[in-house]
Amino acid sequence: MDLPSFLRMYPPFDDLDDERLADVVRHTHIEFFPEGTVILQESGEPARFLYVVRRGAVAVLEEGEIVDIQGEGEVFGFVSLLTGASPLVTVRAHEDVICYLIDREIGEEIMSSRRGMVFLASAFRRRDVRALEHVARNAVDDRREPVAALVRRRALSLPANASIRQAAEMMANEREGFVLLEGAGEQGLAIVTDRDLRSRVLAEGRDPAAPAAEVASSPVVSVPSQATVAEVTALMLERGVHHVPVVDGDGGFVGVVTDIDLLAAEQHRAFGLKKDIELAPDRASAIEAFRSLPEVAGRLVEASVEPLEIAHIVAVTIDALTVRLLEVARAELGDPPCPWAWLALGSEARQEQGLFTDQDNALIFDAVAVGEAEADAYFGELGAFVNDGLEEAGIPKCRAGVIAGNRDWRGTVRTWQDRFHGWIEDPGRVGSAFTGIAIDYRPVTGPLDARRHLDEIIRSAREQHDFIRHLGAHAVSSRPPKGLLKDGVVQRKGTTGRLDVKAVGIGLITNIARLLAVMSGLTENRTTLRLRDTTALGWLTEDESQGLVEAFELMWQVRLEHQSRSVERGVLPDDLVDPRELGPLTRQALKEAFRMIDGAQDRLAALLGLRR
């Protein structure tokens, strides 16, 4: 394969035009390195070329220990090349290797291009580059491996007409805690567990000859074999399930993974913490269990778990504490007088939560069969109990009063419908921030189906021109910084000391994604999913969407690492990052991320006829 064709296969060269690629080729040399040759030496001479592996592999060593193996098409040497500093690692030929060496000037131009910066932003989040930035990497992250690698149990199954006795006998004989019923329940699959036999058979005195399908649970959450351990962990945490069938590409069963399997793979107690909270005997015990969350999250950061997965786990853990506090409150106050639902709002609704957050929540109830005043009095006490408990656990109440204990943020179905209609039809009635918080809602628990009453109103907002412009103005009004210096943030009107990574980065992308979702009539909450779905509808190009997602994940990585360091130092975590904490590669990647955000804001402003 010729050199141009080879380079076109790999980033950051894969979208160069013919003229630019020809220029790169003119400034590229080829060199052979026998096995064992040191190509770059830690603390040695700075890199004079951008290196691309053509054939073979190189080993990346930190303090004499191999931390990565890089093969065909992978690029190295760019940190030293861009900074002019000595290499922070040693790169050695792991076997006989042929490399392309791109001259410094061209290499710097390529890595400083938009595609190069996207490549750097992605590379920053990989473990090898995080090592180059001196970020702690004390644990091996196995959460990226396919979940099929954890399957230790074959999928026990019975036909849909099997009896309870047959299910129990198979479980006993195989020493297993569950059996699948094929052809039963929703989507043709149901599951019978030990818990079902105890609570639905023995406790209710059912006849063992009765169909097992009568006591089975359905639908059954299943996952494809290529799903990662991280994805399945988050899914099981969110759904509260303990067994997940793993299916292959043809729909056949590979086996089943359980929370025990994931507990063995997950060293940092995400499941254990959630379980401790759920099983806590009282309010104080639940709060005490929750207080280990910063430590758990910090270890996940150290293990290089994807930042948005950590944010999801934090949100799920807060959900667990909320649910347990609600259970304790109902035990003290008595049963609710009518159907209800507890709503998470804002970042908790999006399940995008860091270690520095406050409460945004609400209550909705259906008081048709009971007086509204009586119902509100009960739910006022319920909301206050939970809000106080969350605050005691370290999650302060919203300073603007967006909490269920506040009468303005609880109400009947009709009240909430009127509020949503009012905010959409008269967007000036409340601030943009409040409108965004309310639109980003998620039912956490409760028997009332809140989505049935509210989602259609959100979908109808796409027809409200004034409301769209209102959200649009909020999404484009705050510009990101121009870039970062070693000790300051370059704003449009001067330089400031610290980077508020949430306000001038994460929050701006969140606002863009929310606007696009409302314009599309979508009710999805998660920011990256909003970007994906609206890209499919044509609002963003694939490059724009990918760039914003990369920027979002990068900024979350910076945010969580900063907050984790604060926890380690015994300091209250915040979102104010000192640029001196960041390496040169990270600062360059953030500069490109800011540029992507600014470009997206410009396009939306033009689309909506808004001035910036």
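Above this text sits the structure in question.
Note that this is a predicted model, so its numbers are computed, not measured.

For the rest of this paragraph, the subject is the pairing of strand β7 (residues 90-93). In the sheet, strand β2 (residues 38-40) pairs with β7 via 2 bridges, with the strands oriented antiparallel. If you follow L40 over to β7, its bridge partner there is V91. In the sheet, strand β4 (residues 58-62) pairs with β7 via 4 bridges, with the strands oriented antiparallel. Paired with L61 across the strands is T90, a residue of β7.

Glancing now at the environment of G255. Note that G255 resides in strand β14 (residues 253-258). For the pair G255 and V244, spaced 11 residues apart in the sequence, the C-alpha separation amounts to 8.7 Å.

Right, let's get into the sheet that holds strand β12 (residues 223-224). Two orientations exist for strands paired in a sheet by backbone hydrogen bonds: parallel and antiparallel. Here we have 3 strands laid out as an open sheet, ordered β12-β13-β14, and mixed in their pairing. Looking at which strands have only one partner, the edges of the open sheet turn out to be β12 and β14. Sheet analysis places β12 next to strand β13 (residues 243-247), joined by 2 bridges and oriented parallel. Residue pairing across strands places V223 opposite V246, the latter belonging to β13.

Before going further, it helps to spend a moment on the pattern of salt bridges. Tallying each qualifying case throughout the model produces 35 salt bridges. Between R442 and D319 there is a salt bridge, with the nearest N and O atoms lying 2.9 Å from each other. Here R442 is found in strand β18 (residues 441-445), whereas its partner D319 is found in helix α14 (residues 307-333), with 123 residues between them in sequence. Using a relative accessible area of 11% as the deciding quantity, one classes R442 as buried. For D319, a relative accessible area of 11% translates into the label buried. Of the charged contacts in the structure, one is a salt bridge between D376 and R410, with a shortest N-O distance of 2.8 Å.

A word on the nonpolar core. Within the largest apolar cluster, 109 residues are counted, with the highest numbers of intra-cluster contacts made by I364, F379, F420, L499, M555 and L590. Ranked by residue count, the leading element in this core is α14, at 12 residues. Ignoring anything within four residues of it in the chain, the contact list for F420 reads A438, Y441, L454, I457 and I458.

Cut-offs and rules
- Residues numbered from 1 in each chain as written.
- Predicted model: local features only at pLDDT ≥ 70, side-chain atom pairs only at ≥ 80, totals over all residues.
- Heavy atoms only, no water.
- Pairing = 2+ DSSP bridges.
- Helix = DSSP H or I, 4+ residues; strand = E, 2+ residues; numbered from the N terminus.
- Salt bridge = Lys/Arg side-chain N within 4 Å of Asp/Glu carboxyl O.
- Buried < 20%, exposed > 50% of the residue type's maximum accessible area, 1.4 Å probe, protein only.
- Core = buried A, V, L, I, M, F, W, Y, C linked by side-chain atoms within 4.5 Å.
- Contact = heavy atoms within 4.5 Å.

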